[in-house]
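So the chains spell out like this:
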Amino acid sequence: MSCMKSPPPPSVLTGIKRGIRHRCPNCGEGRLYSKYLKVDLDCEVCGHHLAAYPADDGPAYFTILIIGHLFVAPLLLFPFIWKMSPTLVVPLTVLPLLGLTLLLLPRVKGAVIGALWANGLRKAEDIT
């Protein structure tokens, strides 16, 4: 009598790593996005339905949380923020923070999609 083993459940860490790299959480090979934040409908490698994961506003909130806690809060401790002219401080701080936010957002969205994939959470209309 042969014993069929079921495949191990997907790892959340694996899904997050693949998402951060902008790869399909299912196979790790296909691309996750067709544009900056536009998720492909299906993976071109394994055919997995990528648009089924409801990332919604989560990535934006997590990105704000990360930028706010790791960069903005410590930035307020530097004396130049309080002593220099606002006409210099605003562009010297806001522009790098904007660039960092735009760099981080697709990675956070990929991580959220990877975590949703690992936990099997899909949009209600895609569950059959």
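To start, this report covers the structure provided alongside it. (Residues numbered from 1 in each chain as written. Predicted model: local features only at pLDDT ≥ 70, side-chain atom pairs only at ≥ 80, totals over all residues. Heavy atoms only, no water.)

**Digging into a nonpolar patch on the surface**
On the surface, Phe62, Leu65, Ile66, Leu70, Phe71, Val72, Leu76 and Trp82 cluster together to form a nonpolar patch covering roughly 780 Å² of accessible area. Per element, the largest residue contribution to the nonpolar patch is six residues, and it comes from helix α2 (residues 58–75). Note that Leu76 resides in the loop between α2 and α3 (79–83). (Patch = residues over 30% accessible without salt bridge, like charges linked within 9 Å, V, L, I, M, F, W, Y side chains within 5 Å. Areas by Shrake-Rupley, 256 points an atom, 1.4 Å probe, with all protein chains shown as cover. Salt bridge = Lys/Arg side-chain N within 4 Å of Asp/Glu carboxyl O. Helix = DSSP H or I, 4+ residues; strand = E, 2+ residues; numbered from the N terminus.)

**Examining the side chain of Lys109**
Looking at the element boundaries, Lys109 is found in helix α4 (residues 86–119). Buried within the structure, Lys109 lacks any salt-bridge partner; its nearest side chain of opposite charge belongs to Asp56, at an N-O separation of 8.3 Å. Ignoring any residue separated from it by four or fewer positions in sequence, one finds Lys109 in contact with Tyr33, Leu37, Val39, Ala55 and Pro59. (Buried < 20%, exposed > 50% of the residue type's maximum accessible area, 1.4 Å probe, protein only. Lys, Arg positive; Asp, Glu negative; His and termini not counted. Contact = heavy atoms within 4.5 Å.)

**Details of the nonpolar core**
One finds Leu32, Val39, Leu50, Tyr53, Val112 and Ile113 to be the most contacted residues of the largest nonpolar core, which totals 14 residues. Once residues lying within four places of it in the same chain are set aside, the contact partners of Val39 are Leu32, Tyr33, Leu50, Ala51, Lys109 and Ile113. (Core = buried A, V, L, I, M, F, W, Y, C linked by side-chain atoms within 4.5 Å.)

**Describing the environment of Pro106**
You can see Pro106 is positioned in helix α4. Residues contacting Pro106, with those up to four places away along its chain left out, are His22, Tyr33, Tyr36 and Leu37.

**Considerations on the packing of aromatic side chains**
Tallying each qualifying case throughout the model produces one aromatic pair. Judged by centre distance (6.4 Å) and plane angle (40°), the ring pair of Phe78 and Phe80 falls under tilted. Classification of Phe80 by relative accessible area gives partly exposed; the value is 31%. (Phe/Tyr/Trp six-rings, centres within 6.5 Å; stacked < 30°, edge-to-face > 60°.)

**Examining α2**
Spanning 18 residues, α2 covers 25 Å between terminal C-alpha atoms, matching the ideal 26 Å at 1.5 Å per step. Of all the bends in α2, the greatest measures close to 40° and is centred on Gly68. For α2, the set of buried residues is Pro59, Thr63 and Ile67. Turning to α2, the residues buried within the fold contact α4. (Expected span 1.5 Å × (residues − 1). Bend = angle between axes of the 7 residues up to and from the residue.)

**Remarks on the pattern of salt bridges**
Tallying each qualifying case throughout the model produces two salt bridges. Asp40 serves as the salt-bridge partner of Arg31, at 2.9 Å between the closest nitrogen and oxygen. Residue classification places Arg31 among the partly exposed residues on the basis of a relative accessible area of 40%. Using a relative accessible area of 8% as the deciding quantity, one classes Asp40 as buried. Here Glu44 and Arg31 are joined by a salt bridge, their closest N and O atoms 4.0 Å apart. Of this pair, Glu44 sits in the loop between α1 (12–20) and α2 while Arg31 sits in the loop between α1 and α2; the two residues are 13 residues apart in sequence, bridging distant segments of the chain. Since its relative accessible area comes to 49%, Glu44 is described here as partly exposed. In this structure, a network of salt bridges that share partners links the residues Arg31, Asp40 and Glu44.

**Things to note about the packing of α1 against α4**
For any two helices packed against each other, one specifies the crossing angle of their axes together with the interaxial distance. Running from amino to carboxyl end, α1 crosses α4 at an angle of 150°, the nearest separation of the two axes being 7 Å. Considering the angle they form, α1 stands roughly antiparallel to α4. Crossing hand, α1 versus α4: right-handed. Of the residues in α4, those touching α1 at Val12, Gly15, Ile16, Arg18, Gly19 and Ile20 are Arg107, Gly110, Ala111, Gly114, Ala115, Trp117, Ala118 and Asn119. Across the contact of α1 with α4, the residue classes break down as seven nonpolar, five polar and two charged. (Axes fitted to C-alpha atoms, helices over the stretch in contact; angles between N-to-C directions. Parallel < 35°, antiparallel > 145°, perpendicular 65-115°, else oblique. Left-handed = near helix turned anticlockwise from the far one by under 90°. Nonpolar A, V, L, I, M, F, W, Y, C, P; charged D, E, K, R; others polar.)

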